[in-house]
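The primary structure of each chain is shown beneath.
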Amino acid sequence: MAAGTIRFWAAAKSAAGVGEEPYAAGTLAEALDAVRERHPGELTRVLQRCSFLVDGDPVGKRNHETVRLAEGGTVEVLPPFAGG
């Protein structure tokens, strides 16, 4: 399990009510599950439309369970990118 920071942007930031918060998870899927538990409701719906960067790398269509998180890493929760 790694510890790092999740940063919310645009609609995700509004729905979460915070700009960032810590994560303690091994994968992106685990981190997002914890976010959904802490922020049920609108943020859960917003996350379905978001794009993600993990330590600056786009996640794209990869399964979130296969995206490993690093100690001291950063997950960026972004609005969908134009064109994909």
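Residues numbered from 1 in each chain as written. Predicted model: local features only at pLDDT ≥ 70, side-chain atom pairs only at ≥ 80, totals over all residues. Heavy atoms only, no water.

As annotated in an unreviewed UniProt entry, the protein chain is Thiamine biosynthesis protein ThiS from Streptomyces violascens.

Engineer: Explain the overall build of the protein chain here, please?
Structural biologist: Within the protein chain, the secondary structure is distributed over 3 helices and 5 strands. Ordering the α and β elements of the protein chain from the N terminus gives β-α-β-α-α-β-β-β. The C-alpha atoms of the protein chain give a radius of gyration of 12 Å, which matches the 12 Å a tight globule of 84 residues would have. Referenced to the eigenvectors of the C-alpha coordinate spread, the extents of the protein chain come out at roughly 30 × 25 × 20 Å. For the protein chain, the residues scored as buried account for 40% of the 84 residues in total. The contacts in the protein chain between residues at least 6 apart in sequence include a share of 60% that link residues at least 24 apart. Charged side chains in the protein chain number 9 positive and 11 negative. The centres of these two groups are separated by 6 Å. (Helix = DSSP H or I, 4+ residues; strand = E, 2+ residues; numbered from the N terminus. Rg over C-alpha atoms; globule rule 2.2 N^0.38 Å. Buried < 20%, exposed > 50% of the residue type's maximum accessible area, 1.4 Å probe, protein only. Contact = heavy atoms within 4.5 Å. Lys, Arg positive; Asp, Glu negative; His and termini not counted. Charge placed at Lys NZ, Arg CZ, Asp CG, Glu CD.)

Engineer: Explain the nonpolar core here, please?
Structural biologist: Inside soluble globular proteins, nonpolar side chains tend to come together where they are buried. Of all hydrophobic cores here, the largest spans 22 residues; its most connected members are Leu28 and Val77. Elements represented by at least two residues in this core include exactly β1 (2–8), α1 (10–16), β2 (20–25), α2 (28–38), α3 (42–47), β3 (51–54) and β5 (74–78). The greatest single-element share of this core, amounting to 4 residues, is contributed by α2. In this structure valine 77 touches Ile6, Arg7, Phe8, Trp9, Ala12, Leu47, Cys50, Ser51 and Phe52, once residues within four positions along its chain are discounted. (Core = buried A, V, L, I, M, F, W, Y, C linked by side-chain atoms within 4.5 Å.)

Engineer: What is the right way to read unusual backbone geometry from this model?
Structural biologist: For alanine 10, which is not glycine, the phi torsion reads 55° and is therefore positive. Position of alanine 10 among the secondary structure elements: in helix α1. On the accessibility criterion, alanine 10 (49% relative accessible area) is partly exposed. The phi dihedral of aspartate 55 falls on the positive side, at around 50°, and the residue is not glycine.

Engineer: Just to check I follow, could you spell out the environment of arginine 68 for this structure?
Structural biologist: Structurally, arginine 68 is set in the loop between β4 (57–58) and β5. For arginine 68, a relative accessible area of 59% puts it in the exposed group. Linking arginine 68 and valine 46, residues 22 residues apart in sequence, is a C-alpha distance of 22 Å. The residues contacting arginine 68, other than those within four sequence positions of it, are Gly26, Thr27 and Val54.

Engineer: Mind showing me how you'd approach the pairing of β5 here?
Structural biologist: Regular strands place their side chains on alternate faces of the sheet. The buried count for β5 comes to 5 of 5 residues, which makes it a mostly enclosed element. Inspection of the sheet shows β1 paired to β5 by 4 bridges, in the parallel sense. In the strand pairing of β5, phenylalanine 8 is matched with valine 77. (Pairing = 2+ DSSP bridges.)

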